[in-house]
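Overview (structure and organization)
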Amino acid sequence: MCNTDKHWLYVMYTDEGILIFGCLVHGAEPWATIPKEEQFVELEIEGAKVNILQEILNTTSAVQLTDTLENESSLKHVLPSLVQDIEFSSMCSHLADGFGRLAKRVVTFAAEQFISMPDDQLKSLLERIEKDTGVNFRKTPYRLGTFEVFDVPANGEGHEVISLELITPLTKNCPELSAPKGFKLAPTVNLDAPLSAHVILEHAGMTVHNGLHIIKPGINLTVDTAPWSGYEISVFDIDGQLIQYDQNSLILRIGMNTQIQQGTIHVNDRLTQSSAGLGKQIHSSASYIRPATTMRSLTGVPDSVFEAHTKNTRDYLNKLYPLLGSDRWFNKGVAYEVRVIEHFKNILNSGRIKHAVIVDPFFGEDALTRMVPRIKNPDLEMTIITSLSKQNPDTDKFDYDILKMRTALNRMRSGIVGGIVRALRVINLVTGSTQAFHDRYLMLELFEGNRELYLLSNSFNKMSGNWPFCMSKLDDAVSLVVGRYIDGLILGQDITKSSSPEITLDWPRDEKTI
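Scope of this entry: the structure provided in the associated data block. (Residues numbered from 1 in each chain as written. Predicted model: local features only at pLDDT ≥ 70, side-chain atom pairs only at ≥ 80, totals over all residues. Heavy atoms only, no water.)

Pairing is antiparallel across the open sheet formed by three strands, whose spatial order is β8-β9-β12. Sheet topology places β8 (162-166) and β12 (221-224) at the edges, where each strand pairs with a single neighbour. Taken pair by pair, the neighbouring strands of this sheet meet at an average axis angle of 20°, ignoring direction. (Pairing = 2+ DSSP bridges. Helix = DSSP H or I, 4+ residues; strand = E, 2+ residues; numbered from the N terminus. Axes fitted to C-alpha atoms, helices over the stretch in contact; angles between N-to-C directions.)

Okay, here's the thing in structure tokens:
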């Protein structure tokens, strides 16, 4: 924290007094100013009307604001009188990174009334806040709807008090660049009492030094160590209070890719012709190719013999024991088909899942009798979206009638399965006499409120019987888009406009639908 009489206030809120984000950052730079036209701004972003208040406060005003927050849990006298006071429901004291500083004391106040607006609007507002403040809500989501007092001052805290300087050997026996083999701790201010510095050094993913060092007033401390490439230092005063924290990695190597461009090749195929009316950029992307040769090089400190050994063994062990995530691949055959069913049984029987949606155009009676009886969680909501028309999913003959699925469902409901899955729903969508969709998905809605989505290689009716079966978890960004697509299918709609689906079965909601 800078020892200045300037402190930065930033608040974004709606006309109704709903807080989106706010902060009071102690210790602004001495030259910090807010232009008059930016001190209060009324914005409309993606249809959302918000206000941004910025101000440079002196120390007295900053302390008064902090006291009001802690004692009255509100932002009284800060916002314009036209806006009701923002009330807070809770607070938390912690350490956090931000505003170009690491591990600073922060008091975060959570607003009593949480923001509610369309996703696209809120996303645009958060991008504006990130541009203004540098706060990344994807990395620190708890900051949404909060006001934080950042870098709360403590006794004796000021500028960096201890600097860590690296010691790099460069001798006749070692003419090349090399990693540091020690460090020097030097006071940057006049110390009244000794300080303690906890220093951790790492290299090639391993800790090479972990020590507590006493820094006496006016005396530098030099420590010899093994080669290192990253450090973490925590400095404490005589009372054990953290007054400085830094964490950095050294850039010892820089990789460079150089491309040699070749002549442009024009492609005139059906794709090029189809893209002619879609704009210059799309048409150019489809019709021109410019080959390039890439050369790769690495400059900087070369790997030591032991680093090369570490990389080789790590790569070899990763090949022997690959990390097992959410993705799965099963070979062809009945034995693997049993494993596929067992895997899905374990997923659907998890207590984390509130609602499971299977999207599979060829989910027929065979898949129904294989999957549903093996679910032991009676509280699981399960929706199956299929697209059966004339082709029989189990025989491939074109003699299918959707009444067969309805009969199978009624038979299951009247039997023992009826008590296993009480919230089963089956929807059949077709476009005329053809499929309404193609891809296979599994969507899991968790009790925590989020979703997990998987792309499936095969239909459930055959799984790994005739072909290998693969399922892959989609990342969050893709899951959001696919989830909306599946939400549309549940409503009998195709949001991509690729088909015009019609619901021919919605069991058990409409057993008369044929």
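Below, the discussion takes up the packing of aromatic side chains. In the structure shown here, the tally under the stated rule is 10 aromatic pairs. Relative to Phe 469, the ring of Phe 344 has its centre 5.9 Å away and its plane inclined at 65°; by these criteria the two rings are edge-to-face. You can see Phe 344 sitting in helix α6 (residues 334-348) and its partner Phe 469 sitting in strand β26 (residues 469-473), a full 125 residues away along the chain. Since its relative accessible area comes to 0%, Phe 469 is described here as buried. Between Phe 363 and Phe 460 the ring centres are 5.7 Å apart and the planes differ by 55°, which places this aromatic pair in the tilted class. (Phe/Tyr/Trp six-rings, centres within 6.5 Å; stacked < 30°, edge-to-face > 60°. Buried < 20%, exposed > 50% of the residue type's maximum accessible area, 1.4 Å probe, protein only.)

The next subject is the layout of surface pockets. For the largest pocket, the calculated volume is near 750 Å³. Lining the largest pocket are 19 residues, and of these Asp 119, Leu 122, Lys 123, Leu 126 and Arg 138 lie nearest its centre. Where the lining of the largest pocket is concerned, the elements lending two or more residues are α2 (119-133) and α9 (476-490). With seven residues, α2 is the single largest residue contributor to the lining of the largest pocket. (1 Å grid on protein atoms, 1.4 Å probe; cavity = no way out; pocket = protein on both sides within 12 Å on 5 of 7 lines; lining within 4 Å. Points joined across faces, edges and corners; volume = space filled by probe spheres on them.)

The next point concerns the pairing of strand β25 (residues 451-456). Bridge count for strand β24 (residues 440-446) against β25 is six bridges, and the pairing is antiparallel. The residue of β25 that forms the bridge with Leu 444 is Glu 452. Turn length for the β24-β25 hairpin, with the two strands adjacent in sequence and antiparallel, is four residues, and the turn residue Gly 449 shows positive phi of about 110°. In this structure, β25 lies alongside β26, joined through three bridges in antiparallel fashion. Bridge pairing in β26 places Leu 456 opposite Met 471.

Next up on the list: unusual backbone geometry. Note the cis peptide between Trp 507 and Pro 508, where omega equals 0°. Residue placement: Pro 508 occurs in the segment after β27 (502-507). Although it is not a glycine, Ser 73 adopts a positive phi angle of roughly 50°. By the element assignment, Ser 73 lies in the loop between α1 (59-72) and β5 (88-98). One non-glycine residue with positive phi stands out, namely Ala 204, at about 55°. Its location among the elements puts Ala 204 in the loop between β10 (195-203) and β11 (206-215).

Right, let's get into a negative patch on the surface. Taken together, the side chains of Glu 46, Asp 119, Asp 120 and Glu 127 make up a negatively charged region of the molecular surface. With respect to the helices and strands, the residue Glu 46 is situated in the loop between β3 (40-45) and β4 (48-57). (Patch = residues over 30% accessible without salt bridge, like charges linked within 9 Å, V, L, I, M, F, W, Y side chains within 5 Å. Areas by Shrake-Rupley, 256 points an atom, 1.4 Å probe, with all protein chains shown as cover. Salt bridge = Lys/Arg side-chain N within 4 Å of Asp/Glu carboxyl O. Lys, Arg positive; Asp, Glu negative; His and termini not counted. Charge placed at Lys NZ, Arg CZ, Asp CG, Glu CD.)

We now examine the nonpolar core. Formed by 36 residues in total, the largest nonpolar core has its most connected members in Phe 344, Leu 368 and Leu 444. In this structure Leu 368 touches Phe 363, Pro 373, Ile 384, Met 405, Ala 408, Leu 409 and Met 412, once residues within four positions along its chain are discounted. Tyr 10, Ile 45, Ile 115 and Met 117 belong to the second largest nonpolar core, which has 27 residues in total. (Core = buried A, V, L, I, M, F, W, Y, C linked by side-chain atoms within 4.5 Å. Contact = heavy atoms within 4.5 Å.)

Okay, the side chain of Asp 360 next. For Asp 360, the location among the structural elements is in the loop between β20 (353-359) and α7 (365-371). Since its relative accessible area comes to 0%, Asp 360 is described here as buried. When residues no more than four places from it in sequence are discounted, the contact partners of Asp 360 are Ile 385, Thr 386, Ser 387, Phe 437, Arg 440, Ser 459, Phe 460 and Asn 461.

A separate point is α6. Because each turn of an α-helix spans 3.6 residues, side chains separated by three or four positions end up pointing in the same direction. Helix length check: α6 (15 residues) gives 21 Å between terminal C-alpha atoms against 21 Å at 1.5 Å per residue, within 8%. Listed in full, the buried residues belonging to α6 are Glu 337, Val 340, Ile 341, His 343, Phe 344, Ile 347 and Leu 348. Around the axis of α6, the buried residues are gathered within 155° of arc, so they sit on the same side. (Expected span 1.5 Å × (residues − 1). Arc of directions from axis to C-beta.)

Taken as a whole and judged by the stated rule, the model has 13 salt bridges. Glu 148 is the partner of Arg 143 in a salt bridge, and the nearest nitrogen-oxygen pair spans 3.0 Å. Across this residue pair, the class does not change: Arg 143 and Glu 148 are buried. Notably, a salt bridge pairs Arg 440 with Asp 360, separated by 3.9 Å at the nearest N-O pair. One end of the pair, Arg 440, is in strand β24; the other, Asp 360, is in the loop between β20 and α7, with 80 residues separating them in the sequence. Residue classification places Arg 440 among the buried positions, given a relative accessible area of 13%. Connected through salt bridges with shared partners, the residues Arg 352, Glu 452 and Lys 473 form a single ionic network.

For the rest of this paragraph, the subject is the environment of Leu 444. Note on placement: Leu 444 falls in strand β24. Taking the C-alpha atoms as reference points, Leu 444 and Lys 354, separated by 90 residues in sequence, lie 7.6 Å from one another. For Leu 444, the contacting residues outside a window of four places in its chain are Ile 347, Leu 348, Ile 353, His 355, Ala 356, Asn 450, Arg 451, Glu 452 and Tyr 454.

Okay, a nonpolar patch on the surface next. On the surface, Tyr 316, Leu 317, Leu 320 and Tyr 321 cluster together into a nonpolar patch covering about 450 Å² of accessible area. For Tyr 321, a relative accessible area of 61% corresponds to the exposed category.

As summarised here, the arrangement of the seven strands in space is β3-β4-β1-β2-β7-β6-β5, forming an open sheet in which the pairing is mixed. The open sheet is flanked by β3 and β5, the only strands paired with a single partner. Each adjacent strand pair in this sheet contributes to an overall mean axis angle of 15°, direction not counted. Bridge count between strand β1 (residues 7-14) and strand β2 (residues 19-25): six bridges; the pairing is antiparallel. The residue bridging Trp 8 from the neighbouring strand is Val 25, located in β2. Packed onto the sheet, α2 meets β1, β2, β3 and β4 and runs at close to 170° relative to β1.

So yeah, pure geometry; function would need other evidence.
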